[in-house]
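Residues per chain are reported as follows:
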Amino acid sequence: MRRAWLWMGLALAASGHAAAPAALYQQHCQSCHGEQRLGGMAPALLPQSLERSKPAELLATVRDGRPATQMQGFADWLSADEIQALVGWLRTPAATPPRWSEAEMAASHRQFVPLAQLPDAPGHGADPANLFVVVEAGDHHVSVLDGERFTVLARFASHYALHGGPKFSPDGRFVYFASRDGWVSQYDLYSLQKVAEIRVGLNTRNVAASADGRWLLAGNTLPENLVLLDARTLQPVKTLPVRTQQGQLSRVSAVYDAAPRQSFIVALKDAPELWEISYNPAAEPIYDGYVHDYAMGEGLAKPGFLNPRRTPLDAVLDDFFFDPDYRHVIGASRDGRAQVVNLDIRRQVAALQLDGMPHLGAGITFKRDGRILLATPNLKTGQVSVIDTGNWQEVTRIATPGPGFFLRSHERTPYAWVDAMMSAQRDTLTLIDKRTLQVAHTLRPRPGKTTAHVEFTRDGRYALVSVMETPGELLVIDAATLREVAALPMMKPIGKYNVHNKITRSEGTSH
Ligand code: DHE
C-alpha cells in the first residue's frame, strides 16, 4: 500500500505538480492521525494541538520522522514544497469545526483493569507517600520513582504531550494525568498499572481532582466546556458548556480544586468571569444576584451542587493562585494586571500591576515575620515577585538571571528554588533565602543544559531537579549541602510530583 503511494508521490513530483495538502493528508497521514485530524494511534493535528510546535520543528518531523515512534519521515514520498504546504495546511483551522460529542467521549472510555481486581495495599515495598511521578516529555512516558532509594519502580507510555500537574486521589493511591489532546488517564500507584482512560475533549487545559475523592473536573479549550468525571471510574457524569450569560463561548484557562471550600474554581480564557462549582452536596442553592441583574432578569434559583456560580471580573484571568485559606484568588492577565478576588463576597478587592507576566500557577506561599507571602516567577522578566497576602501589596522583586517558569520550596527548607528556563541562563537555578528575601546561591549543575522544575522529598531533605533535554537527567540534590547525590537518566523530564507533598498541600508546591 505504502509502495503504491510512494510511486504516486514520485510520479506527481516528476510531473512537477504538487498535490493539494488536503489530499496529501488523506493519502499519507489520516490512517494514523484520523480522518478529521482528531488523532488516532498518533496525536491530533489540529491547529490547537500544534500551537506549541515551531514551524521548523513540524517541518522536520514530517520530513525526517520522529525517532523511537512509528512516525516515519516523508522525504522520499513528498517534495519539499509539498511538505511545506502540508505543514501550513495543518495549522489552518478545518472548514467544519471539529466536534467531540458526549457519545464520542463515552465511547472512548477504556477500563484496563476492573476496580474489583485491584489489590488492597501497595505491592512495591516503597513508602507509598514518598513516591514521585515524573513526566518525561522526550518520549511521552511517565516514571514512578521511589523517593527514598531514588530507583525507578515503573515506567509506562503516556498519551502524547501530558501537560499540567498530575492530580492525586486524597489517599495518594490513584494519580490522574491530562494530555493536551484531551485524554485523562488513571493510574494505580499500589499495583503500578494503568486503570482507565477517557478522551474528554480535543484540546484540554488541565484537570482538577476534588478533595473528597469523588470527582475530576477537566477544563477544555476545544470544545469550550468542562467535563465532570467520576474519579473512581473515569465515567463522564456531566458536561458544562463554558458560556457566559450572554451566550459567548469561552475556552478554559485553568481549573483548580479549592479543598476547604469543597469546590472547583475555573478561570475562563475569553470572558471576564470566574466560576466556582461546588461539590458539597449540601451546597446552598444559587440565588445569583449576578445572574438576576446581568442576564436572566428573573432571580433565577439554580441548584448549587455541581453548577457554576459566576463572579464578574474586570479582565480575563490567564493564570491564578489561592491564598492559604482559599478565600482569595489572585489572578493575572497577559498584560500584567493582577486582580485579587474574594470568593465569598464574589468581587475584586485589590489590584496590582505585575509587569513581568507572572506565572502565578507556579507560585508558592511561605511565612515570614508572621506574614504569609506569595512568591511567583515571571515569564518575561528575570525576577521573582513577592506579595504580602495580608494586604496584597508587592513586598519586593528579587532579580534572577533570567525569566523563569517554576518556583518551588518546602516547609522544611530555607530556600525557594527558581529556574531561568525562558532565558539564555536556562542552565541556572537560583536559591532565594525565604528569611532574607535575598539570593543565597546560584547553581549550574549541568552547564549549557535547560535545568528547571524542582520537587522536594516528603521530608524536604532532597530536591529533585529536571535536566530537560533528550536525553536528559533527573538530579537529586541534598537541599542542605547542595551536593548532587544521584543522577538518573531520563528522556526530557519536565515535572515531577511527590505524593505526600501533593496530598497534604505542602505550601512549597503546586496544588
Ligand atoms: Fe504549563 C502547569 C499553563 C506552557 C509545563 N501550565 C500549568 C498549568 C497551567 C499552565 C494553567 C496549571 C495546570 C495544572 O497543574 O493543573 N503552560 C501554561 C500556559 O499557558 C503555557 C505558557 C502555554 C501553553 O501552551 O499552555 C504553558 N507548560 C508550558 C510549557 O511549555 C511547559 C514548560 C512544557 C510543557 O509540558 O508544555 C509547561 N505546565 C508545565 C508543568 C506544569 C504546568 C510541568 C505543572 C507544574 C506543577 O509543578 O504543578
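Residues numbered from 1 in each chain as written. Predicted model: local features only at pLDDT ≥ 70, side-chain atom pairs only at ≥ 80, totals over all residues. Heavy atoms only, no water.

Draft legend 1. The sheet that holds strand β33 (residues 472–478), seen in detail. One open sheet holds the 4 strands; their spatial order is β31-β32-β33-β34, and the pairing between them is antiparallel. The outermost strands of the open sheet, each flanked by one partner alone, are β31 (451–456) and β34 (484–490). Here the strands of the sheet are splayed against their neighbours by 20 degrees on average, with no regard to which way each runs. Alignment of β33 against β34, held across 6 bridges, turns out to be antiparallel. Across the sheet, the residue bridging to Val 476 is Ala 486, located in β34. (Pairing = 2+ DSSP bridges. Helix = DSSP H or I, 4+ residues; strand = E, 2+ residues; numbered from the N terminus. Axes fitted to C-alpha atoms, helices over the stretch in contact; angles between N-to-C directions.)

Draft legend 2. How the structure looks around the site of the ligand. Inspection of the region around the ligand gives 20 residues, with Arg 52, His 163, Lys 167, Arg 408 and Ser 510 positioned closest. Interatomic distance of 2.4 Å between a side-chain N/O atom of Lys 167 and an oxygen atom of the ligand. One nitrogen or oxygen atom from the side chain of Ser 510 is found 2.5 Å from an oxygen atom belonging to the ligand. Here the residues of the shell around the ligand sort into 7 nonpolar, 7 polar and 6 charged. (Near = heavy atom within 4 Å. Polar contact = N/O pair within 3.5 Å; in protein donor to acceptor, adjacent residues only side chain to side chain. Nonpolar A, V, L, I, M, F, W, Y, C, P; charged D, E, K, R; others polar.)

Draft legend 3. Examining the environment of Val 454 more closely. Considering the arrangement of structural elements, one finds Val 454 in strand β31. Separated by 43 residues in the primary sequence, Val 454 and Tyr 497 place their C-alpha atoms 9.0 Å from one another. Val 454 has contacts with Arg 408, Trp 417, Leu 429, Ala 463, Leu 464, Val 465 and Lys 496, leaving out every residue within four places of it along the chain. (Contact = heavy atoms within 4.5 Å.)

Draft legend 4. Representation of the pairing of strand β12 (residues 236–241) within the structure. Two elements, strand β11 (residues 225–230) and β12, share 5 bridges in a ladder whose sense is antiparallel. Paired with Leu 229 across the strands is Pro 236, a residue of β12. Joining the antiparallel neighbours β11 and β12 is a turn of 5 residues, in which Leu 234 adopts a positive phi near 65 degrees.

Draft legend 5. Summary view of the packing of aromatic side chains. Following the criterion strictly, the structure yields 13 aromatic pairs and no others. Taking 6.4 Å as the distance between ring centres and 80 degrees as the angle between the ring planes, the aromatic pair formed by Tyr 256 and Phe 322 counts as edge-to-face. Of this pair, Tyr 256 sits in strand β13 (residues 252–258) while Phe 322 sits in strand β19 (residues 319–322), and the two are 66 residues apart along the sequence. Look at Tyr 256 and you get buried, because its relative accessible area is 15%. Judged by its relative accessible area of 11%, Phe 322 is buried. Note on Phe 264 and Tyr 279: the rings are 5.1 Å apart at their centroids and 55 degrees apart in plane angle, and the pair reads as tilted. Of this pair, Phe 264 sits in strand β14 (residues 263–268) while Tyr 279 sits in the loop between β15 (273–278) and β16 (286–287); the two residues are 15 residues apart in sequence, bridging distant segments of the chain. Assigned by exposure class, Phe 264 and Tyr 279 land together as buried. Grouping aromatic residues by their ring pairs yields a cluster made of Tyr 256, Phe 320, Phe 322 and Tyr 326. Directly above the aromatic system of Trp 89 lies the positively charged group of Arg 37, at a separation of 4.3 Å from the ring centroid. (Phe/Tyr/Trp six-rings, centres within 6.5 Å; stacked < 30°, edge-to-face > 60°. Buried < 20%, exposed > 50% of the residue type's maximum accessible area, 1.4 Å probe, protein only. Lys NZ or Arg CZ within 6 Å of the ring centre and 35° of its normal.)

Draft legend 6. Expanded view of helix α2 (residues 21–33). In this model α2 runs just 15 Å from its N-terminal to its C-terminal C-alpha over 13 residues, more than 12% under the 18 Å that 1.5 Å per residue would give. Largest kink in α2: about 50 degrees, centred on Gln 27. Those residues of α2 lying buried are Leu 24, Tyr 25, Gln 27, His 28, Cys 29 and His 33. Positive phi appears at Gly 34, one or two residues downstream of α2, with a value of about 90 degrees. (Expected span 1.5 Å × (residues − 1). Bend = angle between axes of the 7 residues up to and from the residue.)

Draft legend 7. Just the coordination of the iron atom of the ligand, in detail. There is one protein donor for the iron atom of the ligand, and it is His 163 (NE2), at 2.2 Å. Mapped onto the fold, His 163 is located in the loop between β4 (152–157) and β5 (167–168). (Donors = N, O, S within 2.8 Å, 3.2 Å for Na, K, Ca; no water.)

Draft legend 8. View of the pattern of salt bridges. Under the defined criterion, the tally for this structure stands at 24 salt bridges. Salt-bridge contacts for Glu 273 lead to Arg 310; the nearest nitrogen and oxygen are separated by 3.0 Å. Remark: Arg 310 occurs in strand β18 (residues 308–312) and Glu 273 occurs in strand β15; sequence separation between them is 37 residues. Note on Glu 273: relative accessible area 3%, which makes it buried. By relative accessible area, which is 7% here, Arg 310 ends up buried. Among the charged side chains, a salt-bridge network with shared partners connects Arg 261, Glu 276, Arg 327 and Asp 344. (Salt bridge = Lys/Arg side-chain N within 4 Å of Asp/Glu carboxyl O.)

Draft legend 9. The arrangement of the environment of Asp 257 in detail. Assignment of secondary structure puts Asp 257 in strand β13. Ignoring anything within four residues of it in the chain, the contact list for Asp 257 reads Ala 208, Ala 209, Ser 210, Ala 211, Ser 263, Phe 264, Tyr 279, Phe 322, Tyr 326 and Arg 505. At a separation of 2.6 Å, a polar atom in the side chain of Asp 257 contacts the side chain of Tyr 279. In terms of polar contacts, Asp 257 uses its side chain to reach the side chain of Arg 505, at 2.7 Å.

Draft legend 10. Inspection of the packing of helix α4 (residues 55–64) against helix α5 (residues 80–90) at higher detail. As a packed pair, α4 and α5 sit with axes 10 Å apart at the nearest point and diverge in direction by 125 degrees. With respect to each other, α4 and α5 are oriented oblique. Note that α4 runs across α5; the crossing there is right-handed. Together, Pro 55, Leu 58, Leu 59, Val 62 and Arg 63 of α4 and Ile 83, Gln 84, Leu 86 and Val 87 of α5 make up the contact between the two elements. Considered class by class, the residues forming the contact of α4 with α5 number 7 nonpolar, 1 polar and 1 charged. (Parallel < 35°, antiparallel > 145°, perpendicular 65-115°, else oblique. Left-handed = near helix turned anticlockwise from the far one by under 90°.)

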